[in-house]
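Each chain, written out:
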Amino acid sequence: MTTRKTKQAAPQINEKRFKFRGRDCVVKLIKPFATDKQLTISGEGVAYLWDLSPLGKTKLKDLKEPVAVMGQYLPATFEVTGLGFESFNFLIKLNDKRNAVVIDEITIKGDSGLVEAVLPLDRLRIYAIQLAGVYGVAYPPNYVEDFGSWKRTHDENGGVLPVRYGYQLPKNDAAQLTTRPRQNLGIIRNELLTATAKHFKAYKFHHGKYEYIAAELNKQFPNAHITYRNAKELVSQCRTKEHGLLEATGRTRKTTKNKRGKK
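Computed from a predicted model, the values in this text were never measured in an experiment. (Residues numbered from 1 in each chain as written. Predicted model: local features only at pLDDT ≥ 70, side-chain atom pairs only at ≥ 80, totals over all residues. Heavy atoms only, no water.)

Some remarks on the overall build of the chain
Defined as follows: Helix and strand labels come from DSSP, where a helix needs a run of H or I of at least four residues and a strand needs a run of E of at least two; each type is numbered from the N terminus. Only protein chains enter the accessibility calculation, which uses a 1.4 Å probe; a residue whose area is less than 20% of its type maximum is buried, one above 50% is exposed, and one in between is partly exposed. In what follows, residue pairs with any heavy atoms lying within 4.5 Å of each other are defined as contacts.
Along the backbone of the chain there are 5 helices and 11 strands. In the chain, which comprises 263 residues, the share counted as buried stands at 34%. Long-range contacts, defined here as pairs at least 24 residues apart, represent 62% of the contacts in the chain between residues at least 6 apart.

What follows is the structure, encoded as structure tokens:
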């Protein structure tokens, strides 16, 4: 007797499937409604988190031609199935400092007899940021779009408009948006590493030096939210050949060959 594998339908552009504690779960963008062809603008307080790196060093006001960019359309509401509740919805938005994405509201209905619940909030934040991704276009100041029967003139300072859903940030980049701003939001990586090297030299003989370094960096970069672990990672990056801001430790890991017994 042979068994046939049933082919699952391809995931829609507005949903992501995942497994959590043996459960098959799905997180789906439900507001605003997403398709791969159009973007429905709805809701109040709409905000965008645009990645303007495709512009290079050119500022928006200095653009000569439209440039394709990517970003996230917020706020956005999601529905999660498979966690054991009758319904589970949550909303993400920019935080008050407008430099990170946070879960603002969770609505749960019906516990289906659950004794206790563990929620994969970190994963839900990341999946939500990925599903909220949109393609957009950065326009030069006073740029005129001719649609035949009508024309649209853009702002005198230039602007960015969403075009469609379908852009998904890599998982690591999405995770960074939940904790600290990216480079285009005010923190320049080289400055952060240079400051890290300076503070390491000042505190390298202190017990708990990474806590001191994190504290100093948070004073210098208030929006960075540097933790103890972040400080250790930054120091390691300062030691790399690419940056060379600190001397390498000189320690290398020893590799041992597996010894096979003689037959």
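Once the structure has been displayed, the description carries forward.
Considerations on the pattern of salt bridges
Opposite charge on two side chains allows them to pair when their charged atoms are near. The condition is simple: Put simply, a salt bridge is a Lys or Arg side-chain nitrogen that is within 4 Å of an Asp or Glu carboxyl oxygen.
On inspection of all chains with the given rule, the structure shows 8 salt bridges. The partner of Asp104 in a salt bridge is Lys93, with the nearest N and O atoms 3.4 Å apart. Of this pair, Asp104 sits in strand E7 (residues 101-109) while Lys93 is found in strand E6 (residues 87-94), placing the two residues 11 residues apart along the sequence.

Quick look at the packing of aromatic side chains
What counts is decided by this rule: Ring pairs are drawn from Phe, Tyr and Trp, using the six-membered ring of Trp, whenever the two centres fall within 6.5 Å, and their geometry is named by plane angle: stacked under 30 degrees, edge-to-face over 60, tilted for the rest.
Applying the stated rule across the entire model yields 9 aromatic pairs. Relative to Phe90, the ring of Phe78 lies with its centre 5.4 Å away and its plane at 20 degrees, an arrangement referred to as stacked. One end of the pair, Phe78, is in strand E5 (residues 76-81); the other, Phe90, is in strand E6, with 12 residues separating them in the sequence. Across the pair, Phe90 and Phe78 agree in class, each one buried. Summarising the aromatic geometry, the rings of Phe85 and Phe88 are spaced 5.8 Å apart at their centres and angled 35 degrees between planes, so their arrangement reads as tilted. Phe88 shares its class with Phe85; the two are buried.

Overview of the pairing of E6
Each regular strand displays side chains that alternate between the two surfaces of the sheet. The criterion, for reference: Each pair of strands is called paired provided DSSP finds at least two bridges between the two strands.
Note that E5 and E6 share 4 bridges and pair antiparallel. Paired with Ala76 across the two strands is Ile92, which belongs to E6. Hairpin connection, E5 to E6: the antiparallel pair is bridged by 5 residues, and Gly82 has positive phi, about 105 degrees.

Quick notes on the packing of helix H4 (residues 209-220) against helix H5 (residues 228-238)
Operational definition: To define axes, lines are fitted to C-alpha atoms, for helices over the stretch in contact only, and angles between the resulting N-to-C directions are given on a 0 to 180 degree scale. Roughly parallel means an angle under 35 degrees; roughly antiparallel, over 145; roughly perpendicular, 65 to 115; everything else is oblique. Classes in brief: Ala, Val, Leu, Ile, Met, Phe, Trp, Tyr, Cys and Pro nonpolar; Asp, Glu, Lys and Arg charged; the others, Gly included, polar.
Between H4 and H5, the least distance of the axes is 8 Å, while the angle of their chain directions is 95 degrees. When the interaxial angle is binned, H4 and H5 end up roughly perpendicular. Two secondary-structure elements touch here, H4 through Tyr210, Glu211, Ile213, Ala214 and Leu217 and H5 through Tyr228, Ala231, Lys232, Leu234 and Val235. Classifying every residue of the contact of H4 with H5 by side-chain character gives 8 nonpolar, no polar and 2 charged.

Topic: the sheet that holds E5
The strands making up a sheet associate through hydrogen bonds between their backbones, and the pairing can be parallel or antiparallel. What the 5 strands build is an open sheet, ordered E1-E2-E5-E6-E7; its pairing is antiparallel. In this open sheet, the two strands that pair with only one neighbour each are strand E1 (15-20) and E7. Within the sheet, the average angular offset between the axes of one strand and its neighbour, ignoring direction, is 25 degrees. Relative to E5, strand E2 (residues 23-31) runs antiparallel, the two sharing 5 bridges. Bridged to Lys28 within E5 is Glu79. Sheet strands touched by helix H1 (residues 121-131): E1, E2, E5, E6 and E7. Its angle to E1, the strand with the most contacts, is close to 165 degrees.

Considering unusual backbone geometry
Omega for the bond connecting Leu74 with Pro75 falls within 30 degrees of zero, at -5 degrees, which places this linkage in the cis form. Its location among the elements puts Pro75 in the loop between strand E4 (67-74) and E5. One non-glycine residue with positive phi stands out, namely Arg21, at about 55 degrees. Considering the arrangement of structural elements, one finds Arg21 in the loop between E1 and E2. Classification of Arg21 as exposed rests on a relative accessible area of 64%.

Here's the deal with the side chain of His154
Spelled out, the test is: Whenever a nitrogen or oxygen atom comes within 3.5 Å of another N or O atom, the pair is scored as a polar contact, on the condition that within protein one atom can donate a hydrogen and the other can accept it, and that pairs from neighbouring residues in sequence are kept only if both atoms are in side chains.
With respect to the helices and strands, His154 occurs in the loop between strand E10 (151-153) and strand E11 (159-165). Residue His154 is classed as buried on the basis of its relative accessible area, which comes to 9%. Polar contacts involving the side chain of His154 include one to the side chain of Glu145, which spans 2.8 Å. If near-sequence neighbours (up to four positions away) are discounted, His154 is found in contact with Tyr139, Pro140, Asn142, Tyr143, Glu145 and Leu161.

What about the nonpolar core?
Rules: Working definition of a nonpolar core: buried Ala, Val, Leu, Ile, Met, Phe, Trp, Tyr and Cys residues. They are joined through side-chain atoms within 4.5 Å.
Within the largest apolar cluster, 38 residues are counted, with the highest numbers of intra-cluster contacts made by Phe18, Val27, Phe78, Val80, Phe90 and Ile92. The dominant element in this core, judged by the number of residues it contributes, is H1, at 6 residues. For Phe18, the contacting residues outside a window of four places in its chain are Arg23, Asp24, Cys25, Val26, Val27, Val80, Pro120, Arg123, Leu124 and Tyr127. Counting 16 residues, the second-largest nonpolar core is a separate cluster that includes Tyr210, Ala214, Leu234 and Val235.

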